[in-house]
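What the coordinates show
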Amino acid sequence: MRSYDYLIVGGGMTADAAAKGIREVDAQGTIGLLSAEPHAPYDRPPLTKSLWKDKPLEAIWRHTTKASVDLLLGRTVTALDVQHKTVGDDRGETYSFRKLLLATGGSPRRLPFGGDDVIYYRTLADYNRLRELTANGQRFVVIGGGFIGSELAAALTMNHKEVVMIFPGSGICDRLFTKDLSQFLNGFYRQKGVELWIGESVTALERKGGQCVVTTRSGKQTAADGVIAGLGIEPNIHLAKLAGLDTADGIVVDERLRTSQPDIYAAGDVAFFHSPALDRRLRVEHEDNANTMGRQAGRNMAGAAEPYHHLPFFYSDLFELGYEAVGEVDSRLSAMADWKEPYREGVIYYQKGGQVRGVLLWNVWGQVDAARELIAARQPFIAQDLKQRLPKAA
């Protein structure tokens, strides 16, 4: 049995940030990191962003071993014994811990057909596989019109590929953006050459020769050299449930990121935490949360005992457009748009009961902290109060 002062289950950005957070407080304690992936931790956003704009692959590595971490790769944790403070992996090996972090992330939602012909885009292996297909393939189907689907469709199109986007909603990112902005993006993507099949669901996929043929509910068909799906993820809470930890939409943690067992922590995509700014529990699947929460979990595992009150932001690149967003960016909320140039530069405020719950900064940069202050104020604003409130002058 291998013994560690700190054991991290997961190999993503959260795990790496946690290891480095531990080292900020404890320079000597032993750290083990168990990951199902064969690769050391790496940055995930470049997989849909900068790697398609000629950023070198070597730039994504996070150099976790510089924090004196044992990387135990290609191993899936299958058992967690809370009483004896051990975990077991799929190779039959057992590890003991003093403090444990569950940074288990999430698994992509899958279609009930298509098998391995569909790339459920999430990992470096998925990027490498798609890159290989683009070497000779020209036509690609992207299933899903949300965060991942919108980025991948843009990335492939910018690399001179024919792209068909298929999604059941009325517009690109229609769960996030106001109806008019989502409809603008439909037209914008079409101008870029993307073919949109709106209000459609994929019902079948079969391989014919070297291509995949996709069929939708209405009977439309198209052949493609590759099919990529971005259908969201489900948090990986199976291990926590087996161990009897409190779970809901993720693993429930307190403000110090401890689970219902105080020597076991959770962070990243899988953690269901309370946000003081929003006064509710949420789970966030983006880079800022992975890095910030991971670091805080590591520090707390090593004895820092600091609360996690950070309100994470997220960002995206859609051709030459881009945005940063913080809080509840949800098209079901009432919204007030303050455009400097319609659909090209401006701010959208998402409100509930007059309070600002989320802010979308559309081609507006360096304003995330100011947006956080508006949300944290938790006071009602009328439209006139918000007009030209952001961006704040430097």
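As the structure is a computational prediction, the values presented were derived from the model and not from experiment.

The next subject is the sheet that holds strand β24 (residues 334–341). Pairing is antiparallel across the open sheet formed by five strands, whose spatial order is β22-β23-β26-β25-β24. Two strands in the sheet have a free side with no partner beyond their single neighbour: β22 (313–318) and β24. Going across the sheet, the axis of each strand differs from the next one's by a mean of 15 degrees, ignoring polarity. Where β24 meets strand β25 (residues 345–352), seven bridges bridge the pair, whose relative direction is antiparallel. From the neighbouring strand, A337 faces β25, where its bridge partner is I348. Across the sheet, helix α3 (residues 147–158) is in contact with β22 and β23 (321–327); its angle to β22 comes to roughly 30 degrees. In this fold helix α7 (residues 368–377) packs onto β22, β23, β25 and β26 (355–362), with an angle of close to 165 degrees to the strand it touches most, β26.

Attention now goes to the side chain of N289. With respect to the secondary-structure elements, N289 resides in helix α6 (residues 287–301). Judged by its relative accessible area of 0%, N289 is buried. At a separation of 3.3 Å, a polar atom in the side chain of N289 contacts the main-chain carbonyl oxygen of V284. Not counting chain neighbours up to four residues away, the residues in contact with N289 comprise G268, F273, V284, G294, Y308 and P312.

Moving on to empty space enclosed by the protein. The tally for this structure, following the rule as stated, stands at one cavity of 30 Å³ or more. In this structure, the largest cavity encloses a volume near 40 Å³. Lining the largest cavity, in full, are T48, K49, K53, E151, A154, A155, M158 and D317. Along the lines of polarity and charge, the residues of the lining of the largest cavity split into three nonpolar, one polar and four charged.

It is worth spelling out the pattern of salt bridges at this point. Under the counting rule described, the total for this entry stands at 35 salt bridges. With its nearest N and O atoms 3.4 Å apart, the salt bridge here joins R75 to D89. Note that R75 is positioned in the loop between β3 (69–73) and β4 (77–81) and D89 in strand β5 (residues 86–89), a separation of 14 residues in sequence. Exposure class is identical for R75 and D89. Each is buried. D288 is the partner of R372 in a salt bridge, and the nearest nitrogen-oxygen pair spans 3.3 Å. Highlighted residues: R372 in helix α7 and D288 in helix α6, separated in sequence by 84 residues. Exposure class is identical for R372 and D288. Each is buried. When salt bridges that share partners are traced, they join R2, R75, D89 and E93 into one network.

It is worth spelling out the side chain of D89 at this point. Its relative accessible area of 5% is what places D89 among the buried residues. Sequence-distant contacts of D89, defined by excluding residues within four places in its chain, comprise L34, R75, T76, V77, T78 and Y95.

With that out of the way, let us pick up the packing of aromatic side chains. What the rule picks out here adds up to 15 aromatic pairs. Ring centres 6.0 Å apart and planes at 85 degrees place the aromatic pair Y42 and W61 in the edge-to-face group. Residue Y42 is found in the loop between β2 (31–35) and β3, and its partner W61 is found in the loop between β2 and β3; the two are separated by 19 residues along the sequence. Residue classification places W61 among the partly exposed residues on the basis of a relative accessible area of 28%. With 5.1 Å between their ring centres and 80 degrees between their planes, Y189 and F319 make a pair best called edge-to-face. A residue pair is termed long-range when its members are at least 10 positions apart, and Y189 in helix α4 (residues 179–191) and F319 in the loop between β22 and β23 qualify at 130 residues. Note on Y189: relative accessible area 0%, which makes it buried. The structure contains a cluster of three or more aromatic residues connected by ring pairs, namely F184, F188, Y189, F319, W339 and Y343. Across from the ring centre of W197, 4.2 Å away, lies the NZ or CZ of K220, which sits over that ring.

The subject of this paragraph is the sheet that holds strand β13 (residues 211–216). Strand order across the open sheet formed by three strands is β12-β13-β14, with antiparallel pairing between neighbours. Every other strand in the sheet has two partners, leaving β12 (202–208) and β14 (221–224) as the edge strands with one partner each. Neighbour-to-neighbour, the strand axes of this sheet turn through a mean angle of 20 degrees, independent of strand direction. Alignment of β12 against β13, held across six bridges, turns out to be antiparallel. In the sheet register, R207 faces β13, and the bridge partner there is C212.

The next thing to look at is the environment of L133. Counting through the fold element by element, L133 comes out in helix α2 (residues 124–136). In this structure, the C-alpha to C-alpha distance between L133 and V227, residues 94 residues apart in sequence, is 9.9 Å. Those residues within four positions of L133 in sequence are excluded, and the remaining contacts are I119, F140, D225 and G226.

This next bit is on the nonpolar core. Formed by 66 residues in total, the largest nonpolar core has its most connected members in L80, L102 and V359. Look past the residues within four positions of L102 in its chain and what remains in contact with it is V9, L80, L239, A240, L245, I251, I264, Y265, A266, A267 and V270. Y42, L47, A153 and L181 belong to the second largest nonpolar core, which has 46 residues in total.

Conventions adopted
- Residues numbered from 1 in each chain as written.
- Predicted model: local features only at pLDDT ≥ 70, side-chain atom pairs only at ≥ 80, totals over all residues.
- Heavy atoms only, no water.
- Pairing = 2+ DSSP bridges.
- Helix = DSSP H or I, 4+ residues; strand = E, 2+ residues; numbered from the N terminus.
- Axes fitted to C-alpha atoms, helices over the stretch in contact; angles between N-to-C directions.
- Contact = heavy atoms within 4.5 Å.
- Buried < 20%, exposed > 50% of the residue type's maximum accessible area, 1.4 Å probe, protein only.
- Polar contact = N/O pair within 3.5 Å; in protein donor to acceptor, adjacent residues only side chain to side chain.
- 1 Å grid on protein atoms, 1.4 Å probe; cavity = no way out; pocket = protein on both sides within 12 Å on 5 of 7 lines; lining within 4 Å.
- Points joined across faces, edges and corners; volume = space filled by probe spheres on them.
- Nonpolar A, V, L, I, M, F, W, Y, C, P; charged D, E, K, R; others polar.
- Salt bridge = Lys/Arg side-chain N within 4 Å of Asp/Glu carboxyl O.
- Phe/Tyr/Trp six-rings, centres within 6.5 Å; stacked < 30°, edge-to-face > 60°.
- Lys NZ or Arg CZ within 6 Å of the ring centre and 35° of its normal.
- Core = buried A, V, L, I, M, F, W, Y, C linked by side-chain atoms within 4.5 Å.

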